[in-house]
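Listed below are the residues making up each chain.
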Amino acid sequence: MVAKRPIGSVLELSESADRIWSTMEEADWLEAFRVSSAHWKTQVTPRFAQSVAWSSQEQSSASSAAERVLDELANGNERYERRFGFTYIVCATGKSAEEMLVILNRRLLSDREAELREAAEQQRQITQIRLGKWLAE
């Protein structure tokens, strides 16, 4: 992305991000998943503070979910990470905790290759949302 600067429009930025993301391979995706999940698993640094805040907003529906649903999400996340070797990634914007749990349970039935591609697509969607938010500020 840096090599493409200056980028002339929001549309051009969005399309460039998608084009570059589509050329990534497993190691690249796993690194992106690791960095994305590290924002909220570890101490927040000023560099990632805004991303963490957006992540919290995007997942805010989970805060009003029933304790049972939150427990099932936590347990499912652990099973997911053991099964696939990376964090469960879902574009949470507009989804309830119950919906995210249904998606998680469905995705736990996938094979690793299909799930890696699904997680990459979810990360792409999150990236597009975040790019839009960065540009709006």
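See above for the structure.
Residues numbered from 1 in each chain as written. Predicted model: local features only at pLDDT ≥ 70, side-chain atom pairs only at ≥ 80, totals over all residues. Heavy atoms only, no water.

Residue Pro6 follows Arg5 across a cis peptide bond; omega there is -5°. Within the fold, Pro6 resides in the segment before α1 (10-22). (Helix = DSSP H or I, 4+ residues; strand = E, 2+ residues; numbered from the N terminus.)

Bringing the packing of α1 against helix α6 (residues 112-136) into the picture now. Across the interface, α1 lies against α6 with an axial gap of 11 Å and an inter-helix angle of 155°. When the axes of α1 and α6 are compared, the pair comes out roughly antiparallel. Here α1 runs over α6; the crossing is right-handed. Facing α1, whose interface residues are Val10, Leu13, Ser14, Ala17, Asp18 and Trp21, α6 presents Ala120, Gln123, Arg124, Gln128, Leu131 and Leu135. In terms of residue class, the contact of α1 with α6 is built from seven nonpolar, three polar and two charged. (Axes fitted to C-alpha atoms, helices over the stretch in contact; angles between N-to-C directions. Parallel < 35°, antiparallel > 145°, perpendicular 65-115°, else oblique. Left-handed = near helix turned anticlockwise from the far one by under 90°. Contact = heavy atoms within 4.5 Å. Nonpolar A, V, L, I, M, F, W, Y, C, P; charged D, E, K, R; others polar.)

All right, on to the packing of aromatic side chains then. Under the counting rule described, the total for this entry stands at six aromatic pairs. What links up through ring pairs into an aromatic cluster is the set Phe33, Tyr80, Phe84, Phe86 and Tyr88. (Phe/Tyr/Trp six-rings, centres within 6.5 Å; stacked < 30°, edge-to-face > 60°.)

As a further point, take helix α4 (residues 67-84). Its 18 residues place the ends of α4 25 Å apart at the C-alpha level, agreeing with the 26 Å of an ideal helix rising 1.5 Å per residue. Listed in full, the buried residues belonging to α4 are Val69, Leu73, Gly76, Tyr80 and Phe84. Buried residues of α4, viewed axially, fall in a sector of 70°; they line one side. Projecting away from the buried face of α4 at angles above 90 degrees are the exposed residues Glu67, Arg68 and Arg82. Against the buried residues of α4 lie α5 (97-107) and α6. Gly85, located one to two residues past α4, shows a positive phi value of around 85°. (Expected span 1.5 Å × (residues − 1). Buried < 20%, exposed > 50% of the residue type's maximum accessible area, 1.4 Å probe, protein only. Arc of directions from axis to C-beta.)

Because the α-helix completes a turn every 3.6 residues, residues three or four places apart line up on one side. For α6, which comprises 25 residues, the first-to-last C-alpha distance of 36 Å matches the rise-based estimate of 36 Å (1.5 Å per residue) to within 8%. At the N-terminal end of α6, a side-chain oxygen is found 3.1 Å from the backbone nitrogen of Glu113, two or three residues along, and the residue is Asp111. (Polar contact = N/O pair within 3.5 Å; in protein donor to acceptor, adjacent residues only side chain to side chain.)

Our focus in this paragraph is the environment of Lys4. With respect to the helices, strands and loops of the structure, Lys4 is situated in the segment before α1. Owing to a relative accessible area of 41%, Lys4 belongs among the partly exposed residues under this scheme. It is 8.2 Å that separates the C-alpha atoms of Lys4 and Ser16, two residues lying twelve residues apart in sequence. Once you skip the residues sitting within four places of it in the chain, Lys4 turns out to touch Ser16 and Ile20.

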